[in-house]
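Here are the chains, one letter per residue:
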Amino acid sequence: MDKIAGTVSPSAAGLTGSEAAARLARFGPNVLKPHRRSVALQFLARFGNPLVIVLLVACAISAATGDATSAAVIAVMVLLSVVLDFVQEYRAGQAAEQLSQQVALNVSVLRDGARAEIPAEQLVPGDVVLLSAGDLVPADAQVLLAQDFFVNQALLTGEAFPVERHAATAPVDVDRIDTETDGQVFMGSNVVSGSAQVRVLRTAKATAIGRIAQDLEKRPPPTAFEIGTRRFGLLIMRLTLLLVLFTILVNAMFHRPLLESFLFGVALAVGLTPELLPMIVSVTLSRGALRMARRQVIVKRLSAIQDMGAMDVLCTDKTGTLTEARIRLEQHLDPAGNDSARVLRLAFLNSANESGLKSPLDDAILAHGEVDVSGWRKLDEVPFDFERRRVSVLVEDATQRLLIVKGAPEDVLRVCTQVEDGTDADGSPRTDALDDRRRQACTSLLDRLADQGFRVLAVAWRAEPGDFIDATAADETTLVLAGFVAFLDPPKQSAKPALAALAASGVAVKIVTGDNELVARHVCGELGLAVTGVLTGAQIEAMNDDALRAGVASVNLFARANPQQKTRVLLALKARGHVVGYMGDGINDAPSLHAADVGISVESGVDVAKQAAAMILMRSDLGVLHDGIIEGRRTFGNVMKYIMMATSSNFGNMFSMAAATLFLPYLPMLPLQVLLNNFLYDLSETPLPLDNVDDADLARPRRWDMAFIRDFMATIGPISSLFDFLTFYVLLKVLEAGEREFHTGWFVESLATQVLVIFIIRTRGNPLKSRPHPLLVATSLGIVALAAILPYTPLAAMLGLVPLPPEFFAILGAMVAAYLLLVELVKRWFFRRWERRHPPVAT
Ligand SMILES: Nc1ncnc2c1ncn2[C@@H]1O[C@H](COP(=O)(O)OP(=O)(O)OP(=O)(O)O)[C@@H](O)[C@H]1O
Ligand SMILES: [Mg+2]
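Residues numbered from 1 in each chain as written. Chains lettered and ligands numbered in written order. Predicted model: local features only at pLDDT ≥ 70, side-chain atom pairs only at ≥ 80, totals over all residues.

### Some details on the overall build of the chain
Within the chain one finds 30 helices and 23 strands. The dimensions of the chain, computed from C-alpha atoms along their principal axes, are 120 × 60 × 40 Å. Here the chain holds 843 residues, and 48% of them are scored as buried. In the chain, the proportion of contacts linking residues at least 24 apart, taken out of those at least 6 apart, comes to 74%. (Helix = DSSP H or I, 4+ residues; strand = E, 2+ residues; numbered from the N terminus. Buried ≥ 20, exposed ≤ 12 C-beta atoms within 10 Å, placed from the backbone. Contact = placed C-beta atoms within 7 Å.)

Right, here's the structure in full:
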């Protein structure tokens, strides 16, 4: 889509580069987001984490009570894990930041007397900015020159209809903000039509929107995934609290040393907390974003990747997303269906003179070829909007002044009362009343054209008196229908296979278009998409939200939908429990892009659409959509592995630990050992974001499911505990272990089972057939080996570990093998039962 920029010739000189740099230093960058903290501060902020604080308190208490070893070990562990976590997350953040820079908003400004494209972030007060239809207003500014310049200020005023803004006539008071006054435009609005030259008054936080909102990019409602992680966190927190209170109570009852019991409780809490979760999430997401960038998909909002994996319905508009948007004008017909050069000339006059965002239809008319419009002059226009679906221009030549209206046939015919019927000898049109018979004839002509796949616009006009100068939408009445222009808009090469791939992956595609039903049906036919039901904008309008929610399920084609209706369809689908994506490129798609779980736009889309979208396709190949979905499911899969580990094996271990305090005469493990155990376990899991995900897990939409996590926890967790108790028995009765042997034995066993079970849990299928990432294998085996040799190293004394008899290792090996086997068997049973009870729903 071309923007007509520069229609307003530069008059004001812009700033010089050096002046702009000086002002940038003084006013700061033009962003609403609070500026990122320095690296050092970001690092220090980690120590504000409650878990870290608890550990530091434990460290301080140990030190104060003379237990220097414990204090030192805790301190080292805290530091190591904070550093590890920080480095990974920081790198992930940097990578994501760099990617989103690629789609940062650019603006045209005058600098050093010439036109330049600069990032909107670098705008400073005093800059002269050139605006045209489709642009976002990048800062608060005074209008210097304007030509049919209409802006939508809905974000600021809630007013949905565009308002016209003229050049300011009086000097503007920089400190007074009034969005109602003419002569000014405000950050966060967008240009609907026309063009203007404006001078920046205020940037960043000083703007009207900056004062009311901390963040212009309205924080989208939390995604299903975010809600899921939050609920998961709460579940774990409750369990932790219960378990810790229980152990402290038991220890108090048995009159055990208070300090040690407290430290033990702390260690348990630390062991239970899935502290790696934020790191695992951000690293998987940023890796996903990088992989998608390689396929030319830029992710602006990282969490959208997960939504993409969970998405089961994709709504999309038609032109430019499913079709090439390289539209050709094929026919220009009078109302009787005969070829007419006059219709083409009128359409051309309208397209050439309208200053809104050029639609591909206008481009096609202008590209059609030689039309002589010399001698015509534009006087005014009524810009296009998606409610009227018409655009009018007021033009004149030496003999006449005409309001030429072009738009969707239904919407133009409605305001016509007459129809052209041939021409007189002098070439002027004869007109006749548009009676029922003639209307009927027009409708059947239109149906015939639509059936053949033609998109059609109607062209009409009205003669105006010589003093008529100010046209408004109210003047679009009693028009004379001149005829129709018909276009072909072939579907994208990549669209058909892409839609098939989406369907095969469990994503239903629905078309939500502003275009006519018959034309949309034709495109569906060409794309191999069977239409299962249709709703038109008028029908949607007549339904309340409940009716719409019931109605959208079987419908996959929504025609003649305006922007609000598009959004209502989307919200109705969301209300049915679907995770809904929306793909579109126009101003009319922006609200839906914002309301969707994943908004997807394309490089060629308008700024407003790109701003509202969470993801941008840099290449017009729809195949990458499917890649993105798979990427989303992969990140989800790896995060889920961590969660399943945390809730089953890890939780089982901590549970046995608490239970053991009931019958052991001493603590089951020293607090220090519990902490070390947990730290080593965490280390073994750090490569999880790299892990491969089974194809079976990539085949369906994946979404957060608390019931699944709870059931999985309740099934696998107890097996871990069962084996822990078996270990206790073997240690105490078979090996007749003392306190230190018991600690050591259990330290090694619990770490081995807890770490190695990842190879079972990471796949729903046979672990031998699903290949883990080599690094995950290395860390897991390495950590288990380390745990086994720790008791023989010089560190052993410090950690309270003692060498174990060789029989222990024989028994340990057998127990670990039996444990893994049992978990595998129970896992298979669990998934068989789960899938029987929760069959994948058809979309
Ligand atoms: N420049 C224009 N001049 C006249 N009429 C227009 C123009 N642009 C759009 N229309 C009319 O408005 C209707 C809706 O616009 P548009 O096709 O852009 O909506 P959409 O929802 O984005 O549809 P699509 O799925 O085709 O992208 C068009 O079908 C056409 O009839
Ligand atoms: Mg469109």
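### A word on the confidence of the model for the chain
When the pLDDT values of the chain are averaged, the result is 86; 97% of them are 70 or greater. Overall, residues 1–10 carries pLDDT values under 50, and its contacts beyond four positions in sequence, including any with other chains, amount to 30 contacts. Across the whole predicted complex the pTM is 0.84, and at the interface the ipTM reaches 0.96. (pLDDT = per-residue confidence, 0-100.)

### Points about the sheet that holds strand S19 (residues 534–536)
Where strands meet in a sheet, backbone hydrogen bonds hold them as pairs that are either parallel or antiparallel. With respect to topology, 8 strands assemble into an open sheet ordered S8-S23-S22-S21-S9-S18-S20-S19, the strand pairing being mixed. A strand with exactly one partner marks an edge of an open sheet, and here the two such strands are strand S8 (297–299) and S19. Taken over all neighbouring pairs, the strand axes of this sheet differ in orientation by 20° on average, direction set aside. Judged from the 3 bridges that link them, S19 and strand S20 (residues 557–559) form a sheet pairing that is parallel. (Pairing = 2+ DSSP bridges. Axes fitted to C-alpha atoms, helices over the stretch in contact; angles between N-to-C directions.)

### Topic: the nonpolar core
Generally speaking, a soluble globular protein has its nonpolar side chains buried in company with each other. Counting residues in each nonpolar core, the largest one holds 229 residues, and the members touching the most others are Leu 268, Ala 460 and Val 485. Those residues in contact with Ala 460 that lie beyond four places of it in its chain are Val 405, Val 412, Cys 416, Leu 479, Val 480, Leu 481 and Ala 482. (Core = buried A, V, L, I, M, F, W, Y, C linked by C-beta atoms within 7 Å.)

### Quick notes on the packing of helix H11 (residues 341–353) against helix H12 (residues 360–367)
Contact geometry of H11 with H12 gives a least axis separation of 9 Å together with a crossing angle of 120°. In terms of orientation, H11 and H12 fall into the oblique class. In this structure, H11 crosses over H12, and the sense of that crossing is left-handed. Contacts between H11 and H12 involve Ala 347, Phe 348, Ser 351 and Ala 352 from the first element and Asp 362, Ile 365 and Leu 366 from the second. Looking at the contact of H11 with H12 residue by residue, the classes come out as 5 nonpolar, 1 polar and 1 charged. (Parallel < 35°, antiparallel > 145°, perpendicular 65-115°, else oblique. Left-handed = near helix turned anticlockwise from the far one by under 90°. Nonpolar A, V, L, I, M, F, W, Y, C, P; charged D, E, K, R; others polar.)

### Regarding the domain arrangement of the chain
As assigned here, the chain comprises domain 1 (17–28 + 105–212), domain 2 (221–290 + 633–837), domain 3 (298–324 + 492–620) and domain 4 (328–488). Just the C-alpha atoms count here: the centres of domain 2 and domain 4 sit 72 Å apart. (Domains from an automatic or database assignment.)

### What to know about unusual backbone geometry
In this model, Arg 389 sits at a positive phi of 55°, which is unusual for a non-glycine residue. Turning to its location among the elements, Arg 389 is positioned in the loop between strand S11 (377–382) and strand S12 (390–396). The exposure class assigned to Arg 389 is partly exposed, which follows from the 19 C-beta atoms found within 10 Å.

### Remarks on the environment of Ser 780
Summarising the element assignment, Ser 780 is placed in helix H28 (residues 774–789). In sequence terms Ser 780 and Gln 611 are 169 residues apart; their C-alpha atoms lie 43 Å from each other. Every residue in contact with Ser 780, bar those within four places of it in the chain, is listed here: Ser 684, Val 755, Leu 756 and Ile 758.

### Overview of the site of ligand 1
Close to ligand 1 lie 18 residues, the nearest being Lys 318, Thr 319, Ala 408, Thr 513 and Gly 514. Listing elements by their share of the shell around ligand 1, those giving two or more residues are H12 and strand S13 (401–407). Grouping the amino acids of the shell around ligand 1 by side-chain chemistry returns 5 nonpolar, 7 polar and 6 charged. (Near = placed C-beta within 6 Å.)

### Describing helix H3 (residues 50–64)
Taking 1.5 Å per residue, 15 residues should reach 21 Å; H3 reaches 21 Å between its end C-alpha atoms and fits that length. Listed as buried for H3 are Leu 55, Ala 58, Cys 59 and Ser 62. Taken around the axis of H3, the buried residues stretch over an arc of 100°, which confines them to a single face. Exposed positions of H3 whose direction lies more than 90 degrees from the buried face are Pro 50, Ile 53 and Ala 64. Tucked inside the fold, the buried residues of H3 contact helix H4 (68–101) and helix H8 (258–272). Just past H3, the residue Gly 66 takes up positive phi, approximately 85°. (Expected span 1.5 Å × (residues − 1). Arc of directions from axis to C-beta.)

### A word on helix H16 (residues 517–527)
Within H16, the full set of buried residues consists of Val 519, Ala 520, Val 523, Cys 524 and Leu 527. With its buried residues spanning 145° around the axis, H16 presents them on a single face. Buried residues in H16 make contact with helix H14 (436–451), strand S16 (455–463), helix H15 (495–504), strand S18 (508–512) and S20.

### Description of the UniProt feature "transmembrane region" (unreviewed entry) in the chain
The UniProt entry lists residues 43–64, 70–87, 235–255, 261–285, 744–763, 775–802 and 808–826 under the feature "transmembrane region" (unreviewed entry), expressed in the numbering used here. For residues 235–255, the helix share is 90%, the strand share is 0%, and the end-to-end C-alpha distance is 30 Å. Annotated as residues 808–826, this span is 100% helix and 0% strand, and its ends, taken at the C-alpha atoms, are 26 Å apart. (UniProt positions renumbered as here; feature names shortened; annotations may be inferred.)

### Some details on the pairing of strand S21 (residues 580–583)
With burial as the criterion, each face of S21 is covered, one bearing Val 580 and Tyr 582 and the other bearing Gly 581 and Met 583. Bridge count between strand S9 (residues 313–316) and S21: 4 bridges; the pairing is parallel. By the bridge assignment, Thr 316 is partnered in S21 with Met 583. Note: S21 against strand S22 (residues 598–602), 3 bridges, orientation parallel. Opposite Met 583, over in S22, you have Ile 600 as the bridge partner. One crossover worth recording links S21 to the parallel S22 by way of helix H20 (residues 590–595), and it is right-handed. (Right-handed = clockwise from strand over helix to strand, strands pointing away.)

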